[in-house]
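Okay, here's what each chain looks like letter by letter:
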Amino acid sequence: MDFLKKSTGHSVVLEEAPSFEISREGATAIGLPALDVPRVEPKKAFIKARVRKARLPELSEPEVMRHFTRMSTWNYAIDLGIYPLGSCTMKYNPRLNEEIARSGELSEAHPYDPPEWSQGHLQVMWELTEDLKGVTGMPGVSLQPAAGAHGELTGLMLVAAYHKAKKRDRKTILTADTAHGTNPASAALAGFQIVQIATGEDGVIHPEALAAVLNDDVAALMTTNPNTLGIFEKNIQTIANMLHEKDALLYIDGANLNAVLGLSRPGDFGADVIQFNLHKTFSTPHGGGGPGSGPIAVSERLLPFLPTPRLEKQDGKIVLVESTPQSIGRVKAFFGNYGMFIRAWCYIRALGGEGLRQVSENAILNANYMRSQLKDVLHMPVNAPTLHEVVFNDRNQRDLNLDTTKMAKRLIDYGMHPMTVHFPLCVKSAIMIEPTETESRSEMDRFVCALKEIIKTPDVEQAPTRVFREKVDETKAARELRLTYKFKD
Amino acid sequence: MTVQHRFLPTTAADRADLLKACGVQSIEDLLTGIPENVRFNGTLPSGPAQSEMEIRRRIRTLMKDGRYAKNALSFIGAGIYDHMCPAAVNQLTLRGEFLTSYTPYQPEMSQGTLQALFEFQTMVAELFGMEVSNASHYDASTSLAEAALMAMRLNKDRKRLLVSSSVHPEYVQVLKTYLANLGVEMSFIPLDGGVTSVNSLKSLVGEDVMGVIIQSPNFYGCVEDLEALGAVAKSKGALFIVSTPETLSLAVLPPPGECGADIATGEGQSFGVPQSFGGPFVGLFTSKLEYVRQMPGRLCGETVDAQGRRSYTLTLSTREQHIRRDKATSNICTNQNLMALWATIWLTMTGKEGFYELAVQNLSKTEYAKEKLLSTGKAKLRFANQRTFNEFVIDINGSAQEFFTKASALGVAPGVALSRFDATDKTGLLICVTEKKSREDIDRLAQLVRELA
Ligand SMILES: Cc1ncc(COP(=O)(O)O)c(C=O)c1O
């Protein structure tokens, strides 16, 4: 199979210095209309004005265009090829969504506009809320959190408020050893302590393991479902019942919802709160690390505590209610990452209810295909039915001069983004592959073929080398911190 | 023949092949991991699949009464500022290599994003006059909340947090929510004529105060005396935390870093980011270098590759959730990278002189608007002695809310009626004038005040 020779996929990849070095005094990339009112000088207007102008670069429009276009060619992207990062759900981002979200109709609105001007935006939010209720089978939704981790924090604040309202002080959040790092971090931020449960041989939480740690201090159990091994928590109903018996709650990290759209609803097995990652499941672009959006859905138990403002219908109009007695309050200024709501709303409309189920089915089919193609060369530490992602490790390669990190770095030389590595932590040297439903068979075959070739030729020392930048020295970066450009003057 | 959905490359024939490779007959055989009792057998309620044409048509119908369709004029600011944005910014951020890449965890495949972040951090630190900036936060409100949490970590044995009464009310609400379960005692510093009272701060501050939070320009548009306030805060060992929602003001006002700020936060929306009904924006977070290990969020650092060439990578990640878990400095993972890129391109295009000039235009038009409004005889400046950048409060003849309603019916949003935040404030109208308002626009606002107030 033929692979690209440069991992970014561009035939022309040029060097480009930081803008501060190519800046030349007197250049600019904007033109302003002549000032049509009397000019007021800052020195006159303020008691103290800024003395030295900020050293922003000075470049013309064509130079700026080239500067960033050249830099863009140093990136890999889903638009270039498979991006099988497990847990991250790197799927294709439909472009209509960008066109609409960036159109003046949507992008120029201000949240404090007169309510009559905002009905369309509120309607979009209302409909998205209904979609998310439908996906989860849960009665309440807040769109406010800005990303998955922010949704987790919000959800856990609701859990805290629930117990506080019952006049008790519960301090423990249980997590599984498959948990994403944001789970314990969010729990700590919400004022909780973590107790970790080990998953069984079959990769899921067992009722006995839960029983051993479930006491009156437990506020909630937090687990991803399907979990980060790509396995459905088959005991989830029992777990939910056990928790509820102690009036503890069930938090589901919804980062992996791409596996279960229309196939299983967390509300049906008693989940109390779940966060969505609209930038995963509902295809809002990752943008090199955000913006995301992390709405939450909740059960009856948590409805009173949802953040404000809340969407309500009054006399046929949608309004935002600013305060309600038991609410935890606001977690973000304004109404959330609205631009992401639009994209998710478009995505859901494009697929429809039936299409969403097809998304999950195809995501599962593709992950199982990867499993079938790789299971003879890579070791599978947990042998259970795979849903949308599959986890291997490097056990079969240990006697070779090859490990997880090396395999990942070498994949770059084949023009492909590596899978997630060293996560989940319960699997040593994990190799986690999530192709998503938007990869074709031939794209998956290219990946499989590359990985097999790497395993057949374990002795290559330096990787990556067919790239714009070879192995980057991360130790030096941390030791000799350079976080800003050092200006000459 | 059935046709696949346009987002799904797997045809019916492919599907048969894939199933065969998996050694199963049907998709159903792959779902055995989901227990029967928690399977959903209905159809999700999101309706039928729609074409691009249908979705566009629906959106157009929904937005027919919106600000854009009305070609309305607006003087609303209050934390979101309507600034010009060159066409190239939107175009560049649409490039798939930026738009559809993941967080740059593999530096060899993401030097484009990383160099942009390095430029972003440099420009943000420069604007605030601070030593370090992180790679972005959700928005200014959560940046500020995380600054308070950072102050808690740095001043572990202190329990009180002082917050100026001139901080954006929604930021204050977010602070309250974040701190609700953490045992922090939050109190408010009263105002004196539209700005934080230095004397009140003196009497409130003590050895048990972890941090003092000041916003400048503040919610009412007034410029705070950061230097004086910072000196009082620091005299008792409290961290001095500044929030700046309107960061264009940094072009002409003394940077927080030069006024003694230990942590300075703000909103990057001012850098041409669309208002977009409230988000996505880009939270800015800067601090002194000595506190960098307590900073939340990602940091991009310069280093070299195996060939010794200048390169960039995410660094100091031992502060972060994926390494440190419950001991991390923050839970943040996905941040606002594309909006940070947006701000970076905007700042690069605007450039040293353009950024300054833009600020002067805001200042000039705002002063013109004040004069014009006063000349109607139906409005007074509430804080006539204060300096402002591009926002100010007038007390209007009669009810501000009524005026707002009447004016908006004529296609002009004249500002924010302060009764939105404080029901007892009947006459206050917070008005913002950016470079996008022409002299005629301002005259029109004045005319409406004359006619309707
Ligand atoms: C399982 C899981 N939970 C939570 C998160 C956090 O989501 P976000 O990055 O949107 O904050 C992630 C994403 O990386 C994840 O994979």
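Residues numbered from 1 in each chain as written. Chains lettered and ligands numbered in written order. Predicted model: local features only at pLDDT ≥ 70, side-chain atom pairs only at ≥ 80, totals over all residues. Heavy atoms only, no water.

Asker: Residues and numbers for the overall build of chain B, please.
Answerer: In terms of helices and strands, chain B carries 14 helices and 17 strands. Principal-axis analysis of the C-alpha atoms gives chain B an extent of 80 × 55 × 50 Å. Residue burial in chain B is summarised as follows: out of 453 residues, 65% are buried. The long-range fraction of contacts in chain B, counting pairs at least 24 apart against all pairs at least 6 apart in sequence, stands at 71%. Charged side chains of chain B number 46 positive and 48 negative; the gap between the two group centres comes to 3 Å. (Helix = DSSP H or I, 4+ residues; strand = E, 2+ residues; numbered from the N terminus. Buried < 20%, exposed > 50% of the residue type's maximum accessible area, 1.4 Å probe, protein only. Contact = heavy atoms within 4.5 Å. Lys, Arg positive; Asp, Glu negative; His and termini not counted. Charge placed at Lys NZ, Arg CZ, Asp CG, Glu CD.)

Asker: Got a sec to walk through the site of the ligand? Specific residues and values, please.
Answerer: Neighbouring the ligand are 15 residues; S87(A), D253(A), H279(A), K280(A) and T334(B) lie closest to it. Among the chains of the assembly, those with residues near the ligand are chains A and B. A distance of 2.9 Å is found between an oxygen atom of the ligand and a side-chain nitrogen or oxygen belonging to K280(A). In the complex, the protein chains occlude 99% of the 390 Å² of accessible area that the ligand would expose alone. The element best represented in the shell around the ligand is helix α7 (residues 148–165) of chain A, accounting for 3 residues. The residue inventory of the shell around the ligand, partitioned by class, reads 5 nonpolar, 7 polar and 3 charged. (Near = heavy atom within 4 Å. Polar contact = N/O pair within 3.5 Å; in protein donor to acceptor, adjacent residues only side chain to side chain. Areas by Shrake-Rupley, 256 points an atom, 1.4 Å probe, with all protein chains shown as cover. Nonpolar A, V, L, I, M, F, W, Y, C, P; charged D, E, K, R; others polar.)

Asker: I'd like a rundown of the sheet that holds strand β14 (residues 391–396) of chain B, residues and numbers included.
Answerer: Neighbouring strands of a sheet are bound in pairs by backbone hydrogen bonds; such pairs are parallel or else antiparallel. Residue and element names in this part refer to chain B. Read across the open sheet, the 4 strands follow the order β13-β14-β17-β16; overall the sheet is antiparallel. Looking at the sheet topology across the chains shown, the edges are occupied by β13 (379–381) and β16 (416–417). Together, β13, β14 and β17 (428–432) form the strand contacts of helix α12 (residues 337–374), whose direction differs from that of β14 by roughly 5°. Contacting β14, β16 and β17, helix α13 (residues 400–409) runs over the sheet at an angle of about 50° to β17. (Pairing = 2+ DSSP bridges. Axes fitted to C-alpha atoms, helices over the stretch in contact; angles between N-to-C directions.)

Asker: Describe the domain arrangement of chain A, naming the residues involved and giving the relevant values.
Answerer: It is common to report an interface's size as the accessible area lost on association of the parts. By domain assignment, chain A separates into domain 1 (1–74) and domain 2 (99–350). Placing a centre on the C-alpha atoms of domain 1 of chain A and another on those of domain 2 of chain A gives a separation of 39 Å. (Domains from an automatic or database assignment.)

Asker: If you had to explain the interface of chain B and chain A to someone new, which residues and values would you point to?
Answerer: The interface of chain B with chain A comprises 190 residues on the first partner and 197 residues on the second. Regarding the contact of chain B and chain A, the summed buried area is about 17200 Å², with carbon and sulfur atoms giving 63% of it. Counting across the chain B and chain A interface gives 14 salt bridges. Salt-bridge contacts for E227(B) lead to K48(A); the nearest nitrogen and oxygen are separated by 2.7 Å. In terms of residue count, α12(B) provides more of the side of chain B that touches chain A than any other element does, 26 residues in total. Its residues placed into classes, the side of chain B that touches chain A shows 92 nonpolar, 62 polar and 36 charged. (Buried area = accessible area lost by both parts, 1.4 Å probe. Salt bridge = Lys/Arg side-chain N within 4 Å of Asp/Glu carboxyl O.)

Asker: Please give an account of the packing of helix α11 (residues 338–374) of chain A against helix α2 (residues 52–62) of chain B that cites residues and values.
Answerer: Relative orientation of the contacting elements α11(A) and α2(B) amounts to 135°, with a least axis distance of 11 Å. Relative to α2(B), α11(A) is oriented oblique. Crossing angle aside, the handedness with which α11(A) passes α2(B) is right-handed. Counted together, W345(A), C346(A), R349(A) and A350(A) of α11(A) and I55(B), R58(B), I59(B) and L62(B) of α2(B) form the full contact between these two elements. (Parallel < 35°, antiparallel > 145°, perpendicular 65-115°, else oblique. Left-handed = near helix turned anticlockwise from the far one by under 90°.)

Asker: So, the domain arrangement of chain B: which residues are in play, and what are the values?
Answerer: Residue and element names in this part refer to chain B. According to the domain assignment, chain B consists of domain 1 (60–86 + 351–452) and domain 2 (90–346). For domain 1 and domain 2, the distance between their C-alpha centres works out to 27 Å. The interface of domain 1 with domain 2 comprises 27 residues on the first partner and 32 residues on the second. Between domain 1 and domain 2, the buried area comes to about 2500 Å², and carbon and sulfur atoms account for 69% of it. The tally of links from domain 1 across to domain 2 stands at 0 salt bridges. At the surface where domain 1 touches domain 2, the tally comes to 7 residue pairs in polar contact (both at pLDDT 80 or more). Mapped onto the side of domain 1 that touches domain 2, the elements with two or more residues apiece are α12 and β14. When residues in the side of domain 1 that touches domain 2 are grouped by element, the largest group, 5 residues, is from α12. Each residue belonging to the side of domain 1 that touches domain 2 can be placed in one class, and the counts come to 17 nonpolar, 6 polar and 4 charged.

Asker: Any chance you could break down the pattern of salt bridges for me, citing the residues and the numbers?
Answerer: Residue and element names in this part refer to chain A. Counted according to the given criterion, the structure contains 57 salt bridges over all chains. One salt bridge connects R265 with D268, and the closest N-O pair in it is separated by 3.0 Å. For D268, a relative accessible area of 35% corresponds to the partly exposed category. Residue D445 pairs with R441 through a salt bridge whose shortest N-O separation is 3.5 Å. On the criterion of helical spacing, the pair formed by D445 and R441 is a turn pair, its members being 4 residues apart in helix α13 (residues 441–456).

Asker: Lay out the environment of E21(A) with the relevant residues and their values.
Answerer: Here E21(A) is to be found in helix α1 (residues 19–22). Considered as a pair, E21(A) and Y485(A) are 464 residues apart in the sequence and their alpha carbons are 9.6 Å apart. Contact partners of E21(A), with chain neighbours within four places excluded, come to Y485(A) and R310(B).

Asker: Kindly report on the packing of α13(B) against helix α14 (residues 439–452) of chain B, identifying the contributing residues and their values.
Answerer: Residue and element names in this part refer to chain B. Here α13 crosses α14 at 120°, and the two axes come no closer than 11 Å. On the basis of the axis angle, α13 is oblique to α14. In the packing of α13 onto α14, the handedness of the crossing is right-handed. Residues F403, K406 and A407 of α13 touch α14, and the partners they reach there are L448, V449 and L452. Here the residues of the contact of α13 with α14 sort into 5 nonpolar, no polar and 1 charged.

Asker: Help me get a handle on the packing of aromatic side chains, residues and values and all.
Answerer: Within this structure, the stated rule accounts for 23 aromatic pairs over all chains. Relative to F355(B), the ring of W346(B) has its centre 6.3 Å away and its plane inclined at 85°; by these criteria the two rings are edge-to-face. With respect to burial, W346(B) and F355(B) carry one shared label: buried. These aromatic residues form a ring-pair network of at least three members: Y112(A), F334(A), F219(B), Y220(B), F281(B), F383(B) and F421(B). Note that K53(A) overlies the ring of Y356(B), its terminal NZ or CZ placed 4.5 Å from the centroid. R466(A) extends its terminal NZ or CZ atom over the ring of Y414(A), reaching a point 5.6 Å from the ring centre. (Phe/Tyr/Trp six-rings, centres within 6.5 Å; stacked < 30°, edge-to-face > 60°. Lys NZ or Arg CZ within 6 Å of the ring centre and 35° of its normal.)

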